[in-house]
Amino acid sequence: MDQDDQSPGPFLAETGRSARPLDEVDRRILDELVRDGRTSIRTLAERIHISRTNAYARVERLLQDGVITGFRAQVVPERAGLGTSAYIALKIEQNTWREVSAELGRVRYIEHAALLGGDHDVLALVRAPDNAALRDVVLNRVQGIAGVLSTRTWLVFEEFDGAPAWT
C-alpha cells in the first residue's frame, strides 16, 4: 500500500466534527497497519478474514475520515544517529501558541510538540545527535523564540510504546 503521508502538518487539528465510531474490524485493520503499513490489501483481508473488497473499502473510509493520515517507516532514533532524547516543557506568553508552534515546527530535531493545560504550556520531544546539539536546540533555538518565557528539560533514559488506545 503505497501512499504519501497526508497528515495535516504539525499543530493542526480538525475541530467541530464527531468521529465515526470504530468497530472491531476497523480496530483490527488499524492494528495490522500499525504493525506493518506496507501490508497489501490482499494480505490485510486474509489476516482479518474479510473480503478484499471490504478491506479496501474500509481502508479508504479510514483514510477519508482522517483516522489514517498516512503510512510511514518507524525509525529507531539511536540507529539513525539521534542518541539523545529529551522533553522540553515551555511556558509561553498568553495567546502566542500559533506563533510559537509555527517556530517550533521549524526547529530541527523537534519531533513532536503539544499545547498543554497545567503548569507548563507546551511539551516538545527533541531527538538530537548528542548533548551539544540538544543544548543548542534548547538554549539557542527554543529559548530564542519570541513568546517563550522559560523552559525546563528532562533527559530520556529509556522509553517504550504502550498499547494502542483504539483497541
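Everything below is about the structure printed above this text.
Here we summarise the structure given alongside this text. Please read all numbers here as calculations on a predicted model, not as lab measurements. Sequence order sets the numbering: in each chain, residues are counted from 1 along the sequence as written. Only residues with pLDDT of at least 70 are given local features in this predicted model, and only at 80 or more are side-chain atom pairs given and counted; all residues enter the totals for whole chains, interfaces and linings. Working from all heavy atoms in the structure, the side-chain values ignore hydrogens and water.

### Quick notes on the overall build of the protein
Phase 1: Strands are runs of DSSP state E lasting at least 2 residues, helices are runs of H or I lasting at least 4, and numbering of each runs from the N terminus. On a plain count of helices and strands, the protein comes out with 5 helices and 4 strands.
Phase 2: Tracing the protein from N to C terminus, the helices and strands come up as α-α-α-β-α-β-β-α-β.
Phase 3: Here's how the labels work: a residue is buried when its accessible area is under 20% of the maximum for its type, exposed when over 50%, partly exposed in between, all with a 1.4 Å probe on protein chains only. Scored against the burial criterion, the 167 residues of the protein give a buried share of 31%.
Phase 4: For the protein, the proportion of contacts with a sequence separation of at least 24, taken over those separated by at least 6, is 70%.
Phase 5: As displayed, the protein offers around 11,400 Å² of accessible surface, 47% of which is attributable to carbon and sulfur atoms. In this analysis, two residues are considered to be in contact whenever any of their non-hydrogen atoms come within 4.5 Å of each other. Computed with a 1.4 Å probe, the accessible areas rest on the Shrake-Rupley method; for each residue, only the protein chains presented here act as cover.

### Overview of the sheet that holds strand E2 (residues 110-115)
Phase 1: Strand order in this open sheet of 4 strands is E2-E3-E1-E4, and the pairing throughout is antiparallel. Taken across any chain shown, the strands that pair with only one partner, and hence form the sheet edges, are E2 and strand E4 (148-155). For this sheet the average axis-to-axis angle between neighbouring strands, irrespective of direction, equals 20°.
Phase 2: An axis is simply a line fitted to the C-alpha atoms; with a helix, the fit covers only the stretch in contact. Between two such axes, the angle follows the N-to-C directions and lies from 0 to 180 degrees. Relative to E2, helix H4 (residues 97-104) is tilted by about 170°, and along the sheet it contacts strand E1 (84-92), E2, strand E3 (122-128) and E4.
Phase 3: With respect to the sheet, helix H5 (residues 131-142) is in contact with E1, E2, E3 and E4, its orientation differing from that of E1 by roughly 15°. The pairing criterion for strands is at least two bridges between them, as found by DSSP.

### Here's the deal with the packing of helix H1 (residues 24-35) against helix H2 (residues 41-48)
Phase 1: Interaxial distance between H1 and H2 falls to 10 Å at its minimum, and their mutual angle equals 125°. One finds that H1 runs oblique with respect to H2. Handedness of the H1/H2 crossing: right-handed. Counted together, Val25, Arg28, Ile29, Glu32 and Leu33 of H1 and Leu44, Arg47 and Ile48 of H2 form the full contact between these two elements.
Phase 2: Gly counts as polar in this scheme, as do all residues outside two lists: the nonpolar Ala, Val, Leu, Ile, Met, Phe, Trp, Tyr, Cys and Pro, and the charged Asp, Glu, Lys and Arg. Classifying every residue of the contact of H1 with H2 by side-chain character gives 5 nonpolar, no polar and 3 charged. Roughly parallel covers angles under 35 degrees, roughly antiparallel covers those over 145, roughly perpendicular covers 65 to 115, and oblique covers all other angles. The sense of a crossing depends on the near helix, which, turned anticlockwise from the far helix by less than a right angle, makes the crossing left-handed and, turned clockwise, makes it right-handed.

### Some words on the environment of Arg106
Phase 1: Here Arg106 lies in the loop between H4 and E2.
Phase 2: Residue classification places Arg106 among the exposed positions, given a relative accessible area of 54%.
Phase 3: Separated by 35 residues in the primary sequence, Arg106 and Arg141 have C-alpha atoms spaced 9.6 Å apart.

### Structural notes on the pairing of E1
Two faces, one strand: in a regular strand the side chains alternate between the faces of the sheet.
Phase 1: The buried fraction of E1 is high, at 7 of 9 residues.
Phase 2: In this structure, E1 lies alongside E3, joined through 7 bridges in antiparallel fashion. What sits directly across from Leu90, in E3, is Val122.

### A look at the pattern of salt bridges
Phase 1: One speaks of a salt bridge when a side-chain nitrogen belonging to Lys or Arg is within 4 Å of a carboxyl oxygen belonging to Asp or Glu. A complete count under the given rule lists 9 salt bridges for this structure.
Phase 2: With its nearest N and O atoms 3.2 Å apart, the salt bridge here joins Glu32 to Arg47. With Glu32 in helix H1 and Arg47 in helix H2, this residue pair connects regions lying 15 residues apart in the sequence.
Phase 3: Judged by its relative accessible area of 40%, Arg47 falls in the partly exposed class.
Phase 4: With its nearest N and O atoms 2.8 Å apart, the salt bridge here joins Glu159 to Arg127. In this pair, Glu159 sits in the segment after E4 while Arg127 sits in strand E3, placing the two residues 32 residues apart along the sequence.
Phase 5: Several salt bridges converge on common partners, so that one network encompasses Asp23, Asp26, Arg58 and Arg61.

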